[in-house]
Amino acid sequence: MQIYILLLGLMTTVYAQFGRQTTPYPQPAQYYNPNYYGRPFYAILRQTQDASPDGSYSYSYDTENGISVAETGQPKNIGPNQIESVRGQYSYTAPDGTPIVVTYSADENGFVASGAHLPTPPPIPIAIQRALAYNAAHPEEEEPYRRY
């Protein structure tokens, strides 16, 4: 009986030692799918980037599918606060073949984008302009709140 237990233990040890080599474990490449979303990959044709110790920076790149991006920024002191003043542009071709070019700036006035394809608000009607001018010329006096 002791020999049987010893032989069983020895066989278990041998199987555990050599069984790992015969059982292939899945490689990480089997789990990673670089084309997960089914989109094609596009190469970067040109890329530049520069960062200065004073906080200013610039970068740009172009891809083989026609996307082009360029941006520059520098810190700007406004009173006790420091903001980043940014100017940039990006362009690409829309699915219908229309070239899209957007230029933008972001500073203390917020983000302002401009492009030929961006919608613009309709003009304010004349009647509303006159009403706004009248309201500005004749401000109402505010009555204090009544407390009951």
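Higher on the page you've got the structure.
Residues numbered from 1 in each chain as written. Predicted model: local features only at pLDDT ≥ 70, side-chain atom pairs only at ≥ 80, totals over all residues. Heavy atoms only, no water.

Q: Residues and numbers for the pattern of salt bridges, please.
A: Scanning the model with the defined rule gives two salt bridges in all. Among the salt bridges present, the one from Arg46 reaches Asp62, with a minimum N-O distance of 3.0 Å. Taken together, the residues Arg46 in strand β1 (residues 44-51) and Asp62 in strand β2 (residues 57-63) connect sequence positions 16 residues apart. With relative accessibility at 37%, the residue Arg46 sits in the partly exposed group. (Salt bridge = Lys/Arg side-chain N within 4 Å of Asp/Glu carboxyl O. Helix = DSSP H or I, 4+ residues; strand = E, 2+ residues; numbered from the N terminus. Buried < 20%, exposed > 50% of the residue type's maximum accessible area, 1.4 Å probe, protein only.)

Q: Now, about the pairing of strand β3 (residues 68-78): what can you tell me, with residues and values included?
A: Where β2 meets β3, six bridges bridge the pair, whose relative direction is antiparallel. Within β3, the residue paired with Tyr57 across the bridge is Gly73. If you look at the hairpin formed by β2 and β3, you'll find four residues sitting between the two strands, and Gly66 has a positive phi there, around 95°. Across eleven bridges, the pairing between β3 and strand β4 (residues 81-93) is antiparallel. Bridging from a neighbouring strand, Gln74 pairs with Ser85 of β4. Two successive antiparallel strands, β3 and β4, enclose a turn made up of two residues, where Gly79 displays a positive phi of approximately 65°. (Pairing = 2+ DSSP bridges.)

Interpretation note: all reported values are geometric properties and have no functional meaning in isolation.
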